Amino acid sequence: MSRVNATSALAHAGAHQNHDNQTAISAENISMTFGERVILDNIDIELYSGQVTTLLGPNGAGKSTLLKLLCGETSSNLNIEYFGKHKNQWCAQDLSKHMGLLPPAQHTVISFSRF
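Here goes a summary of the coordinates provided. Being a predicted model, the structure only gives us computed values, none of them experimental. (Residues numbered from 1 in each chain as written. Predicted model: local features only at pLDDT ≥ 70, side-chain atom pairs only at ≥ 80, totals over all residues. Heavy atoms only, no water.)

### Focus: the overall build of the protein chain
- In terms of helices and strands, the protein chain carries three helices and four strands.
- Starting at the N terminus and walking to the C terminus, you meet the elements of the protein chain as α-β-β-α-β-β-α.
- With 115 residues in all, the protein chain has 28% of them scored as buried.
- Taking all contacts inside the protein chain whose residues are at least 6 apart in sequence as the whole, residues at least 24 apart take part in 56%.
- In the form shown here, the protein chain has an accessible surface area of approximately 8100 Å², with 51% of it arising from carbon and sulfur atoms. (Helix = DSSP H or I, 4+ residues; strand = E, 2+ residues; numbered from the N terminus. Buried < 20%, exposed > 50% of the residue type's maximum accessible area, 1.4 Å probe, protein only. Contact = heavy atoms within 4.5 Å. Areas by Shrake-Rupley, 256 points an atom, 1.4 Å probe, with all protein chains shown as cover.)

### Here we look at the nonpolar core
- Residues Ile 25, Ile 30, Leu 40, Ile 45, Leu 70 and Tyr 82 are the most contacted members of the largest nonpolar core, which totals 19 residues.
- Of all the elements in the fold, those that place two or more residues in this core are strand 1 (23-34), strand 2 (37-48), helix 2 (63-71) and strand 3 (80-82). (Core = buried A, V, L, I, M, F, W, Y, C linked by side-chain atoms within 4.5 Å.)

### Examining the packing of aromatic side chains
- Counted according to the given criterion, the structure contains one aromatic pair.
- The aromatic ring of Trp 90 is capped on one face by Lys 85, whose charged end is 4.4 Å from the ring centroid. (Phe/Tyr/Trp six-rings, centres within 6.5 Å; stacked < 30°, edge-to-face > 60°. Lys NZ or Arg CZ within 6 Å of the ring centre and 35° of its normal.)

### A word on the side chain of Ser 26
- Within the element layout of this structure, Ser 26 appears in strand 1.
- When residues no more than four places from it in sequence are discounted, the contact partners of Ser 26 are Ile 45, Glu 46, Asn 79, Ile 80 and Glu 81.

### Topic: the pairing of strand 2
- Relative to strand 2, strand 1 runs antiparallel, the two being bridged by eight bridges. Bridging from a neighbouring strand, Phe 34 pairs with Arg 37 of strand 2.
- Linking strand 1 to strand 2, which pair antiparallel, is a turn of two residues; within it Gly 35 sits at a positive phi near 65°. (Pairing = 2+ DSSP bridges.)

### Quick notes on helix 2
- Among the residues of helix 2, Thr 65, Leu 66, Leu 69 and Leu 70 are the ones counted as buried. The buried side chains of helix 2 occupy one side of the element, clustering within an arc of 130° when seen end-on.
- Of the residues trailing helix 2, Gly 72 is marked for its positive phi of about 80°. (Arc of directions from axis to C-beta.)

Encoded structure:
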């Protein structure tokens, strides 16, 4: 399975329908390339308020890229909606009251072989 297919399958697996909670983020046909390399290929995703969703995949599969696109950290012309409103209908201050992104921590490796 290629990285692109693995990312697509995992994004769909994390988007279970839950009619009790409001759709917090939705997007269709998300694609991203870096040069000749396809990182994300036609991903559709819905994330629900109050639901925990996990994206799993190998390094370089596009997990962080997908989250940055969804949260607006990386600019795009993608059709992304937050709580039923297109991303362009939100001002940053109002959207920040509903959403935040905690980037992965940088880990420091300490060698204990000298002790």
